[in-house]
Amino acid sequence: MEYCSGQTLQDHFETPGRVINRNENFSFFKQLINAVKHIHKNGFIHRDLKPANVFIEGSILKVGDFGLARQFTSHISKI
């Protein structure tokens, strides 16, 4: 487990007077999508993904708090 000393994505968005940076937001969005893709590719579902559980270290996002995460098997039901 890694310790993140940075702020959460929620803290970042709630910063008073924060100027919205379109490039930064796009970078965060891409990183979050890639993180979820990686989690799912490895057979897990986070189940508690929210801005308070996404941490910012410099310009890198890190998903945390896997306390509710569950492993899944790919059973596709046919309708």
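For the structure itself, look to the data block above.
The text that follows walks through the structure, step by step, so that each part is easy to find. Keep in mind that this is a model prediction, so the values were computed, not measured.

## Description of the nonpolar core
Okay, so step 1: One finds Leu9, Phe28, Val54, Ile56 and Leu61 forming the largest nonpolar core, which totals five residues.
Okay, so step 2: Val54 has contacts with Gln7, Thr8, Leu9, Leu32, Leu49, Leu61 and Lys62, leaving out every residue within four places of it along the chain.

## Observations regarding the pattern of salt bridges
Okay, so step 1: Applying the stated criterion to the full structure yields one salt bridge.
Okay, so step 2: In this structure, Asp48 engages Lys50 in a salt bridge whose closest nitrogen and oxygen atoms are separated by 3.7 Å.

## Quick notes on the environment of Glu2
Okay, so step 1: Within the secondary structure, Glu2 is located in the segment before helix H1 (9-13).
Okay, so step 2: We classify Glu2 as exposed; its relative accessible area is 54%.
Okay, so step 3: Through-space distance from the C-alpha of Glu2 to that of Ala69 is 17 Å; in sequence the pair is 67 residues apart.

## Comments concerning a nonpolar patch on the surface
Okay, so step 1: Together, Phe26, Phe29 and Ile33 give the surface a local cluster of nonpolar side chains, amounting to about 330 Å² of exposed area.
Okay, so step 2: For Phe29, the position within the fold is in helix H2 (residues 22-41).

## Some points on the side chain of Asn53
Okay, so step 1: Following the sequence through the fold, Asn53 ends up in the loop between strand S1 (44-45) and strand S2 (54-57).
Okay, so step 2: Setting aside its immediate chain neighbours within four residues, Asn53 contacts His46, Asp48, Lys62, Val63, Gly64 and Asp65.

Cut-offs and rules
Each residue is numbered by its place in its chain's sequence as written, counting from 1. Under the rules for a predicted model, residues below a pLDDT of 70 receive no local features and side-chain atom pairs below 80 are neither given nor counted, while totals for whole chains, interfaces and linings still include all residues. Side-chain calculation: all heavy atoms of the structure are included, whereas hydrogens and water are not. Residues belong to a common nonpolar core when they are buried Ala, Val, Leu, Ile, Met, Phe, Trp, Tyr or Cys residues joined through side-chain atoms within 4.5 Å. Exposure categories follow from relative accessible area, calculated using a 1.4 Å probe and restricted to protein chains: below 20% of the type maximum is buried, above 50% is exposed, and the middle band is partly exposed. Two residues qualify as a contact provided that any one of their heavy atoms is within 4.5 Å of a heavy atom in the partner residue. Put simply, a salt bridge is a Lys or Arg side-chain nitrogen that is within 4 Å of an Asp or Glu carboxyl oxygen. Strands are runs of DSSP state E lasting at least 2 residues, helices are runs of H or I lasting at least 4, and numbering of each runs from the N terminus. Note on patches: the residues involved have over 30% relative accessible area and no salt bridge, like charges join within 9 Å, and the nonpolar side chains Val, Leu, Ile, Met, Phe, Trp and Tyr join within 5 Å. For every accessible area listed, the method is Shrake-Rupley and the probe measures 1.4 Å; residues are considered covered only by the protein chains on display.

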